Amino acid sequence: MKKTLNEIASFLGGTVVGDDQALIGSVRGIDEAGPGDITFVANAQYEQKLLTTKASAVLVSRDTESPGRNLVQVDDPYAALGRLLALFYPEEKEIPAVSGRAMIEEGAEIAPSATVYPGVYVGRGARIEAGAVLYPGVFIGREAVIGEDSVLYPNVCVYRRCLIGRRVILHAGVVVGSDGFGFANPGRDNLKIPQIGIVQIDDDVEIGSNTTIDRATLGRTWIQRGVKIDNLVQIAHNVVIGEKSIIVSQVGISGSTHLGQSVILGGQAGLVGHLDIGDFAMVGAQSGVHEDVKARSIVSGSPCMPHRTWLRAMSCVPRLPEMRTTLNHALKRLEVLEGQFSEHLEKKK
Amino acid sequence: MKKTLNEIASFLGGTVVGDDQALIGSVRGIDEAGPGDITFVANAQYEQKLLTTKASAVLVSRDTESPGRNLVQVDDPYAALGRLLALFYPEEKEIPAVSGRAMIEEGAEIAPSATVYPGVYVGRGARIEAGAVLYPGVFIGREAVIGEDSVLYPNVCVYRRCLIGRRVILHAGVVVGSDGFGFANPGRDNLKIPQIGIVQIDDDVEIGSNTTIDRATLGRTWIQRGVKIDNLVQIAHNVVIGEKSIIVSQVGISGSTHLGQSVILGGQAGLVGHLDIGDFAMVGAQSGVHEDVKARSIVSGSPCMPHRTWLRAMSCVPRLPEMRTTLNHALKRLEVLEGQFSEHLEKKK
Amino acid sequence: MKKTLNEIASFLGGTVVGDDQALIGSVRGIDEAGPGDITFVANAQYEQKLLTTKASAVLVSRDTESPGRNLVQVDDPYAALGRLLALFYPEEKEIPAVSGRAMIEEGAEIAPSATVYPGVYVGRGARIEAGAVLYPGVFIGREAVIGEDSVLYPNVCVYRRCLIGRRVILHAGVVVGSDGFGFANPGRDNLKIPQIGIVQIDDDVEIGSNTTIDRATLGRTWIQRGVKIDNLVQIAHNVVIGEKSIIVSQVGISGSTHLGQSVILGGQAGLVGHLDIGDFAMVGAQSGVHEDVKARSIVSGSPCMPHRTWLRAMSCVPRLPEMRTTLNHALKRLEVLEGQFSEHLEKKK
């Protein structure tokens, strides 16, 4: 497929600067791109590469100029890149089929337009809706539901009774609905609390590979609409994640903590249990959150504090030894001065 | 199944306050519960919900009162909840069977009362004992042993020769017995040290989804009786975890570190190799442990220190910039004073 | 298999001290070894065990002596242990075969000398080269390549078009090529950026269980020759890891960060995106790396700083409360002294 810059700009709602008839056949990174390619600059840090790239055209922000270069100026180059990639590289569609080598218990319900690969297991009472795709090694527990057009990559495991919405993407090795970590008298009896709740994942959620989401003790662990979760994240029992929140890799969220909508958690952050994190709050990478976080606030550090406080505090840490030495010297000088002054007063008597 | 409060109290060894003939059909969370439900308050933080819950009865501690409400007072409401859930929601038992669609090498030994789902693989010389349940996608390496009544959820992988005890629960995606991370001259030759030891997991252990436990270089990596491990934990070669220890999610334990019994490691803690962690020690979430920890002590922080020291130190961190400013001002005042005093002495001469 | 100490020393290029005809049948840890066993001391910390071990012989460094004990002195006892283990415990070789119970799409190409277990899935256009071993539950996406003599343990997933080199070892549950975490307007629109690049893994790489490596947005995520990665590591889109680097467990590397050769990252370290980490750099465990790291430098801490600075700074942290108290006392003394001095001057007037 080839498109002119004019067609591309029109598809993206952008403006061509330069040759609007230039033909584009593919989208490539700014270092690798050559003739016939379009590339992008979404980050001012990389703007200098405009001078050296061999691409035939570059997606840039509205205010970016680069004389002699073909540009497509758009409001948001990164978002435009996303739309352009979807145009040039549409997802391969499977011819829907339920493989005879899939293992389907009697009483499972599978829509005729679903794709079920060999090596999939579907328990009785489960329902696989229209257009869903289950890759090899996927396990669907009894009475679980996989919504329309959802894609479960290889070896995803959905335990019994869990509910997956529409257009959900679960990457390889995701586990939904394993038992929450609940034991009475930990370290002494370790008495297991049965985990009889479920996990509910709403529409348009995407979850990265090998992430684990535990079922609720009672009720549900709930991932709301449009949430995006990265790889190797741990979500404990009865956690609620509000709409459109973003959870970066290796975050851990303890039991019964609730996130509002559009919360962003940086990589490797850890949240203790029973917290409320307000709408649009942000938590820095590697932070340790031990108390509620207000809506629209930003916290960092372990234990966490307001982000700006943290920045200032962290700039002091490498200077602690110097501060300590200075303090000790000051003390000695103070002592000397005190001695001299008291000696002076003595003399006066 | 419905039970009167009287029957429930008698099963739990508790005391009814209120209508002991009230009929209970299910157990639900305090916010969701309604007529016919029993709920629980295990945490004083939630006691105020006693006033608003619509539940027909509430499991509470011995000293909790709430006039006009049906209560079942017990010694430990959370433990009682566990027993009640097991009563109301008994685990569904499979009719034992070895699926013809499981892949069993010749020379594997499988007890007739085991349940082996389609899509399971069992290597030669392996032994699956009575009552064990292997879900689809489980892999059992050669000469491995799975003890009586253990349950291995989908896609669990047990490498060759590893030993799993009785009543062990391995959640989906757990890996037992992959090679320890041992390379001579790291960064230079990266010469692989063959890992010829095993993993031994004793009775009544439960391990969370996608947790990984490496086989020993020589000898064994050993998870002792009653240990409970959460999701996404990493346990390196030759680690020993003492009885009844509790390892919270995303902890990492490096090679040859030994934990005593009833140790509790908070989420995302990291332990370097070759340490001894004493019985009943506790390690705070996100701690970095670089030295031995004595029995019954509590450490936090990265690098770790006694927990109380850490609490006090952390309360200073946000005030570091202020401390630094104060110190600099004090220095200036000291300098001024020194100058004035020396000038004063000069004048006297 | 039994070998004399003489034969062992000659195989390792070492020197026997003691009875060079002593017969050795196995290699065991220093605490477990007995008659007929050889053991090793690779760490000075364990040298005292030379006095008590029951082993018939011990691998030690060139300068270690222990009168009355049979020793094999070598340049590097740990490397020698590796070679000895490979000698005494050679890997079991499979008789190559492609199982009829594997699921192979038409148009996949599988070398006759490859071993493909039952329960493996290979997509069309994929190529499995000579001597490769695919364990049950492995998924190979379309047009992916698995190089000669590579071993993929159970439930490894290689997404479409990814390239795995020769003699690569992927432990159970590794995911190669899941979508990078790219969304425009995070927290607002969460517009998915299609991830159309690949992952390329070069020869002689080993990757630990349940580690995840995301495909590039455009171009490739690239793990170069001889890299060793531990369990549960997260590698984001477009990351490059230079030759022979060592990545310890639970590290997370964000998008487009590039590591030079022979970099060593300690456990649970986190790196933000778009960084350059120089050749032979080292990053301490649990560090948070937010800026470029120069070649051959060592950094620690979160946020990171030079390792020696960090060591000194961290030694101050437990003393912060004391520093604060000292500072406040000094201020008071300073105030008193200022008062007394100014009073003294007043009197003089």
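From a predicted model like this one, the values you see are computed outputs, not experimental measurements.

Right, let's get into the overall build of chain A. Across its full length, chain A carries four helices and 39 strands. Taken along its principal axes, the extent of the C-alpha atoms in chain A is 110 × 75 × 30 Å. Across the 349 residues that make up chain A, the buried fraction comes to 60%. Pairs at least 24 apart in sequence give 17% of the contacts found in chain A among residues at least 6 apart. Per element, the accessible surface of chain A, about 14000 Å² overall, is 50% carbon and sulfur.

Here the focus is the relation of the copies chain B and chain A. Mapping chain B onto chain A calls for a screw motion: a turn of 120 degrees about the axis and a shift of 0.0 Å along it, with 0.1 Å RMSD after fitting. Seen this way, the second copy is the image of the first under a three-fold rotation axis.

Right, let's get into the interface of chain A and chain C. Taken together, the contact pairs 68 residues of chain A with 72 residues of chain C. Here chain A and chain C share an interface that buries about 5400 Å² over both sides, 65% of which is from carbon and sulfur atoms. Per-residue buried area on chain A facing chain C is highest for Tyr78(A), Arg324(A) and Phe341(A); these three make up 11% of the total on that side. For the interface between chain A and chain C, the tally reads two salt bridges. In this structure, the salt-bridge partner of Lys192(C) is Glu206(A), at a minimum N-O distance of 2.8 Å. Where the side of chain A that touches chain C is concerned, the elements lending two or more residues are helix H2 (77–88), strand E27 (228–229), strand E30 (246–247), helix H3 (307–316) and helix H4 (320–348) of chain A. The biggest single contributor to the side of chain A that touches chain C is H4(A), with 14 residues. Partitioning the side of chain A that touches chain C into residue classes produces 37 nonpolar, 17 polar and 14 charged.

Turning our attention to helix H1 (residues 5–12) of chain A. Residues and elements named next belong to chain A. If you check which residues of H1 are buried, you get Leu5, Ile8, Ala9 and Leu12. Buried residues along H1 cover an arc of 95 degrees about the axis, so they all sit on one side. Gly13, located one to two residues past H1, shows a positive phi value of around 70 degrees.

Here chain A averages 96 in pLDDT, and 100% of its residues register 70 or above. Taken together, the chains of this predicted complex give a pTM of 0.97 and an interface ipTM of 0.96.

A few words on empty space enclosed by the protein. Scanning the entire structure with this criterion turns up six cavities of 30 Å³ or more. Taken together, the residues that form the lining of the largest cavity break down as 11 nonpolar, nine polar and no charged. Reported here for the second largest cavity is a volume of approximately 90 Å³. Lining the second largest cavity are Leu327(A), Ala330(A), Leu331(A), Leu334(A), Leu327(B), Ala330(B), Leu331(B), Leu334(B), Leu327(C), Ala330(C), Leu331(C) and Leu334(C). When contributions to the lining of the second largest cavity are tallied by element, the ones reaching two or more residues are H4 of chain A, helix H4 (320–348) of chain B together with helix H4 (320–348) of chain C. Of the residues in the lining of the second largest cavity, the class split is 12 nonpolar, no polar and no charged.

All names here are of chain C. Pairing within the open sheet is mixed, and its 11 strands lie in the order E10-E13-E16-E19-E24-E27-E30-E33-E36-E38-E39. Of all the strands in the sheet, just strand E10 (115–116) and strand E39 (305–306) have a single pairing partner and so form its edges. Of the strand pairs in this sheet, strand E16 (residues 151–152) and strand E19 (residues 169–170) are connected by two bridges, and their pairing is parallel. Looking at E19, one finds that Leu152 is bridged to Leu170.

All right, on to the packing of aromatic side chains then. Enumeration over the complete set of coordinates arrives at 27 aromatic pairs over all chains. Note on Phe341(A) and Phe341(C): the rings are 5.8 Å apart at their centroids and 75 degrees apart in plane angle, and the pair reads as edge-to-face. Highlighted residues: Phe341(A) in helix H4 and Phe341(C) in helix H4, drawn from two different chains. On the accessibility criterion, Phe341(C) (3% relative accessible area) is buried. Arranged with centres 5.1 Å apart and planes meeting at 75 degrees, the rings of Phe181(C) and Phe183(C) form a pair that is edge-to-face. Taken together, the ring pairs connect Tyr117(A), Tyr135(A), Tyr153(A), Tyr121(C), Phe139(C) and Tyr159(C) into an aromatic cluster.

Here Arg188(A) shows up in the loop between strand E21 (183–184) and strand E22 (191–192). Taking the C-alpha atoms as reference points, Arg188(A) and Gly147(A), separated by 41 residues in sequence, lie 42 Å from one another. If we ignore the near neighbours within four places in the chain, the residues touching Arg188(A) are Lys244(B) and Phe280(B).

Bringing the interface of chain B and chain A into the picture now. At the interface, 68 residues of chain B touch 72 residues of chain A. On the chain B side of the interface with chain A, the three residues burying the most area are Tyr78(B), Arg324(B) and Phe341(B), jointly 11% of the side's total. Taken together, chain B and chain A are joined by two salt bridges. In this structure, Glu338(B) and Arg333(A) form a salt bridge, with 2.8 Å as the shortest nitrogen-oxygen distance. For the interface between chain B and chain A, the tally reads 27 residue pairs in polar contact (both at pLDDT 80 or more). Of all elements in the fold, only helix H2 (77–88), strand E27 (228–229), strand E30 (246–247), helix H3 (307–316) and H4 of chain B reach the threshold of two or more residues within the side of chain B that touches chain A. Of the residues belonging to the side of chain B that touches chain A, the class tally is 37 nonpolar, 17 polar and 14 charged.

To continue, consider the domain arrangement of chain A. The assigned domain composition of chain A is domain 1 (3–88), domain 2 (97–309) and domain 3 (323–348). Distance between the C-alpha centres of domain 1 of chain A and domain 2 of chain A: 37 Å.

All names here are of chain C. Read from one edge to the other, the open sheet built from nine strands follows the order E9-E12-E15-E18-E23-E26-E29-E32-E35, with strand pairing classed as parallel. Two strands bound the open sheet, and with one partner strand each, they are strand E9 (109–110) and strand E35 (276–277). Summarising the sheet, strand E29 (residues 240–241) and strand E32 (residues 258–259) pair through two bridges and their orientation is parallel. Bridge pairing links Val240 to His258 in E32.

All right, on to the side chain of Gln200(C) then. Residue and element names in this part refer to chain C. Mapped onto the elements of the fold, Gln200 is located in strand E23 (residues 198–201). At 2.8 Å, the side chain of Gln200 and the side chain of Asp202 are in polar contact. Excluding its chain neighbours within four sequence positions, the residues that come into contact with Gln200 are Leu163, Arg220, Thr221, Trp222 and Ile223.

The subject of this paragraph is H3(B). Those residues of H3(B) lying buried are Thr309(B), Trp310(B), Ala313(B), Met314(B) and Cys316(B). Viewed along the axis of H3(B), the buried residues span an arc of 145 degrees, placing them on a single side of the element. On its buried side, H3(B) packs onto strand E38 (298–300), strand E39 (305–306) and H4 of chain B together with H4 of chain C.

With omega at 0 degrees, the peptide bond leading from Ser302(A) into Pro303(A) counts as cis. Topologically, Pro303(A) is positioned in the loop between strand E38 (298–300) and strand E39 (305–306). Despite not being glycine, Asn185(A) has its phi angle at roughly 55 degrees, a positive value. As for its placement among the helices and strands, Asn185(A) is situated in the loop between E21 and E22. Looking at Asn185(A), the relative accessible area reads 31%, which means it is partly exposed. Of note in the backbone geometry, Ser262(C) takes a positive phi value of approximately 60 degrees without being a glycine. With respect to the element layout, Ser262(C) can be found in the loop between E32 and strand E33 (264–265).

Now for the pattern of salt bridges. With the rule as written, the count across this model stands at 39 salt bridges over all chains. Of the charged contacts in the structure, one is a salt bridge between Asp37(A) and Arg28(A), with a shortest N-O distance of 3.4 Å. In this structure, Arg166(C) engages Asp203(C) in a salt bridge whose closest nitrogen and oxygen atoms are separated by 2.9 Å. With Arg166(C) in the loop between strand E18 (163–164) and E19 and Asp203(C) in the loop between E23 and strand E24 (206–207), this residue pair connects regions lying 37 residues apart in the sequence. Through salt bridges that share partners, Arg166(A), Arg167(A), Asp203(A) and Asp204(A) make up one connected network.

With that settled, the discussion passes to the side chain of Ser262(C). Taking relative accessible area as the criterion, Ser262(C) reaches 5% and is therefore assigned buried. Only 2.6 Å separates the side chain of Ser262(C) from the backbone oxygen of Gly187(B), close enough to count as a polar contact. Excluding its chain neighbours within four sequence positions, the residues that come into contact with Ser262(C) are Gly187(B), Gly242(C), Glu243(C), Lys244(C), Ser245(C), Phe280(C) and Ala281(C).

Okay, the pairing of strand E20 (residues 175–178) of chain A next. Look at any regular strand and the pattern is simple: side chains alternate between the two faces of the sheet. All names here are of chain A. The pairing of strand E17 (residues 157–158) with E20 spans two bridges and is classified as parallel. Note that in E20 the partner of Cys157 across the bridge is Val175. One ladder, built from three bridges, connects E20 with strand E25 (residues 212–214); its direction is parallel. Note that in E25 the partner of Ser178 across the bridge is Asp214.

What counts as what
Residues numbered from 1 in each chain as written. Chains lettered and ligands numbered in written order. Predicted model: local features only at pLDDT ≥ 70, side-chain atom pairs only at ≥ 80, totals over all residues. Heavy atoms only, no water. Helix = DSSP H or I, 4+ residues; strand = E, 2+ residues; numbered from the N terminus. Buried < 20%, exposed > 50% of the residue type's maximum accessible area, 1.4 Å probe, protein only. Contact = heavy atoms within 4.5 Å. Areas by Shrake-Rupley, 256 points an atom, 1.4 Å probe, with all protein chains shown as cover. Least-squares fit on C-alpha atoms with pLDDT ≥ 70 in both. Buried area = accessible area lost by both parts, 1.4 Å probe. Salt bridge = Lys/Arg side-chain N within 4 Å of Asp/Glu carboxyl O. Nonpolar A, V, L, I, M, F, W, Y, C, P; charged D, E, K, R; others polar. Arc of directions from axis to C-beta. pLDDT = per-residue confidence, 0-100. 1 Å grid on protein atoms, 1.4 Å probe; cavity = no way out; pocket = protein on both sides within 12 Å on 5 of 7 lines; lining within 4 Å. Points joined across faces, edges and corners; volume = space filled by probe spheres on them. Pairing = 2+ DSSP bridges. Phe/Tyr/Trp six-rings, centres within 6.5 Å; stacked < 30°, edge-to-face > 60°. Polar contact = N/O pair within 3.5 Å; in protein donor to acceptor, adjacent residues only side chain to side chain. Domains from an automatic or database assignment.

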